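Listed below, chain by chain, are the residues.
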Amino acid sequence: LNVLEQATNVCRTTMVQEAWVRGQPLMVHSWVYGLKDGHMRDLGFSVSGQQEVEEAYQRAVNATAGPG
C-alpha cells in the first residue's frame, strides 16, 4: 500500500500536474521489487492524467487486498 500511496503523491506534485495541464505525455506507474524472488510486480496503478488517479488507486488497492 505504501507504493500506491507514493504513486498518488507523485501525481499530486506540481511538476506532474503542470505537465498534464500542458498536455505532455506523462504516465505514473506503481511497481514493487520482490526481495525474495527478484521479480518486479505491477500493482495495476498506471495513470496519464489527474482524472484517472482516484479510480486507478481504488482499483489497485482492491486488487492488492485480494478476495474477502
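Look up: the structure comes first, before these words.
All figures in this text were calculated on a predicted structure; none of them were measured in a lab.

**Re a nonpolar patch on the surface**
Among the surface-exposed residues, Trp31, Tyr33, Leu35 and Met40 lie close enough to one another that they form a single nonpolar patch of about 530 Å² accessible area. Tracing the chain through its elements places tyrosine 33 in strand E1 (residues 28–33).

**Focus: the nonpolar core**
Counting residues in hydrophobic clusters, the biggest one holds 14 residues, and the most contacted among them are Leu4, Cys11, Trp20, Val28, Phe45, Val47 and Val53. Of all the elements in the fold, those that place two or more residues in this core are helix H1 (2–11), helix H2 (14–21), strand E2 (40–47) and helix H3 (53–65). The element contributing the most residues to this core is H3, with five residues. Ignoring sequence-local partners within four residues, the contact set of cysteine 11 consists of Val16, Gln17, Trp20, Val28, Phe45, Val47, Gln50 and Val53.

Thresholds, definitions, all that
Residues numbered from 1 in each chain as written. Predicted model: local features only at pLDDT ≥ 70, side-chain atom pairs only at ≥ 80, totals over all residues. Heavy atoms only, no water. Patch = residues over 30% accessible without salt bridge, like charges linked within 9 Å, V, L, I, M, F, W, Y side chains within 5 Å. Areas by Shrake-Rupley, 256 points an atom, 1.4 Å probe, with all protein chains shown as cover. Salt bridge = Lys/Arg side-chain N within 4 Å of Asp/Glu carboxyl O. Helix = DSSP H or I, 4+ residues; strand = E, 2+ residues; numbered from the N terminus. Core = buried A, V, L, I, M, F, W, Y, C linked by side-chain atoms within 4.5 Å. Buried < 20%, exposed > 50% of the residue type's maximum accessible area, 1.4 Å probe, protein only. Contact = heavy atoms within 4.5 Å.

Bear in mind that shape data such as this cannot, by itself, settle questions of function.
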